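Observations on the three-dimensional arrangement
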Amino acid sequence: MNTKIFIPRSIQTEGIENHTEKWRSPSNIALVKYWGKVGHQIPANPSISFTLKNSYTETQIEFIKKDVSNGEIEFELFFEGDKNESFSKKVALYFDNIKVYTPYTKEYKMIIHTTNSFPHSSGIASSASGFSALSVCLVAFEKVINSNLVERVANQKASFLARLGSGSACRSIEGPVMIWGEHDNYRLSSNQVAVVPDLELNPIFDNFQDTILLVDKGVKSVSSTIGHGLMKNHPFAEQRFKQANNHIAEMKTVLENGDLKRFGEILESEALTLHAMMMTSTPYYILMKANTVQALEAVKEFRIKTGKNLFFTLDAGANVHLLYPKSEAKEILAFIEKELVAYCENQQYICDELGTGAKKVI
Ligand code: PMV
């Protein structure tokens, strides 16, 4: 993909003095994980994810035309109503990274208000939903001032911009399944943007559930930037990238034929491999807590005992994502309430399910 298509050629801002975009964009959970990158946010292996629905960021940008463009990017950022220094620094870096593709950000002052649907310090990464929400707001505004930006390219551009903020954010624009990274078995797959894969999703995955156990609500002990970097000289990197490519190939078959047993095997292997990579890095990081391990063991035991299709996955943290079909939700939620809440901080968990991506609010 030639990313020059994302550089706007014909911007028309005359008469557009004040414009507001407000969008909601969800988080996503990787089935096959992205861990390791090359160059500027290019994944070392392809990843595939489910887009979520209830865990989202809502972002509003008010674009106020400057009298004279001073060539600077100016914005104010409010998180849950208050000015936020640390998010402002990240967003300033993001705007600077993408400015070639969004030259109009210099012509307007941007007032940004952003909130998350999930509790702030829940240990749930907000970078995927956060950067995708910002990106869709920018691209929606660009559609107003650039009549050449067609819908298909607009979605790709939102994914592209989101990727430059945080890799996995590029998978939050659409859904319910997204692939990011080139793979021979997926037509149109790209390292630059995430796309909806060319597969017929088996109905067993309709409204598939993701219950997130909030095992540890603290801040992660290693940032994902450092984590990706640890794969550079990792002794098992080559084998891991091969495995991810094989899993991506097999996941396509499984998502089409609905073989939940194999789905669960790949899902759990991916989660444990991600953590194994961190544990075998130099320096190493152990991101699971004792309660994480207890919860994973309890899930496996429950599955063996009941035959229910309950599987786990993990992000780069201690929280546990539980994936299962909607049709089995009653028994599984009863099990979560009875046994798994004990492993959650303040007994808290989030009920989520598959969604279709970013939505316009106003
Ligand atoms: O988007 P980043 O750079 O925060 O990386 C996220 C990586 C994992 O969440 C651990 C895996 C994934 O593919 O989402």
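Whatever comes next refers back to the structure up there.
Described in the following lines is the structure provided in the data block. Note that the structure is a prediction, hence the values are computed from the model and not measured. (Residues numbered from 1 in each chain as written. Predicted model: local features only at pLDDT ≥ 70, side-chain atom pairs only at ≥ 80, totals over all residues. Heavy atoms only, no water.)

Our next topic: helix α3 (residues 151-165). Given a rise of 1.5 Å per residue, 15 residues ought to cover 21 Å, and the 21 Å separating the end C-alpha atoms of α3 matches this to within 8%. When we look at burial in α3, the residues that qualify are Val153, Ala154, Gln156, Lys157, Ala158, Ser159, Phe160, Leu161, Ala162, Arg163 and Leu164. Here the buried face of α3 lies against β3 (42-43), α1 (85-98), α2 (127-145), β8 (177-180) and β9 (194-195). (Helix = DSSP H or I, 4+ residues; strand = E, 2+ residues; numbered from the N terminus. Expected span 1.5 Å × (residues − 1). Buried < 20%, exposed > 50% of the residue type's maximum accessible area, 1.4 Å probe, protein only. Contact = heavy atoms within 4.5 Å.)

Here we take up the packing of aromatic side chains. In total, this model carries 19 aromatic pairs according to the counting rule given. Aromatic pair Phe63 and Tyr108: ring centres 6.3 Å apart, planes at 90 degrees, arrangement edge-to-face. Here Phe63, found in strand β4 (residues 47-65), pairs with Tyr108, found in strand β7 (residues 108-116); they are 45 residues apart in sequence, far enough to count as distant. For the pair formed by Phe63 and Tyr108, the shared burial category is buried. Considering the side-chain rings of Phe208 and Phe263, the 5.7 Å spacing of their centres and the 85 degrees angle between planes classify their relative orientation as edge-to-face. Here Phe208 is found in the loop between β9 and β10 (209-213), whereas its partner Phe263 is found in helix α6 (residues 260-279), with 55 residues between them in sequence. Each of the two residues, Phe208 as well as Phe263, counts as buried. Here a set of aromatic residues connected by ring pairs shows up, and it is made of Phe50, Phe205, Phe208, Phe263 and Phe311. Just above the ring of Tyr186 sits the side chain of Lys252; from NZ or CZ to the centre is 5.1 Å. (Phe/Tyr/Trp six-rings, centres within 6.5 Å; stacked < 30°, edge-to-face > 60°. Lys NZ or Arg CZ within 6 Å of the ring centre and 35° of its normal.)

Bringing the packing of helix α7 (residues 290-306) against helix α8 (residues 329-340) into the picture now. Between α7 and α8, whose axes approach to 12 Å, the crossing angle comes to 140 degrees. In terms of orientation, α7 and α8 fall into the oblique class. Where α7 crosses over α8, the handedness of that crossing is right-handed. Between α7 and α8, the residues in contact are Ala295, Ala298, Val299 and Phe302 and Glu331, Ile332, Phe335 and Leu340, respectively. (Axes fitted to C-alpha atoms, helices over the stretch in contact; angles between N-to-C directions. Parallel < 35°, antiparallel > 145°, perpendicular 65-115°, else oblique. Left-handed = near helix turned anticlockwise from the far one by under 90°.)

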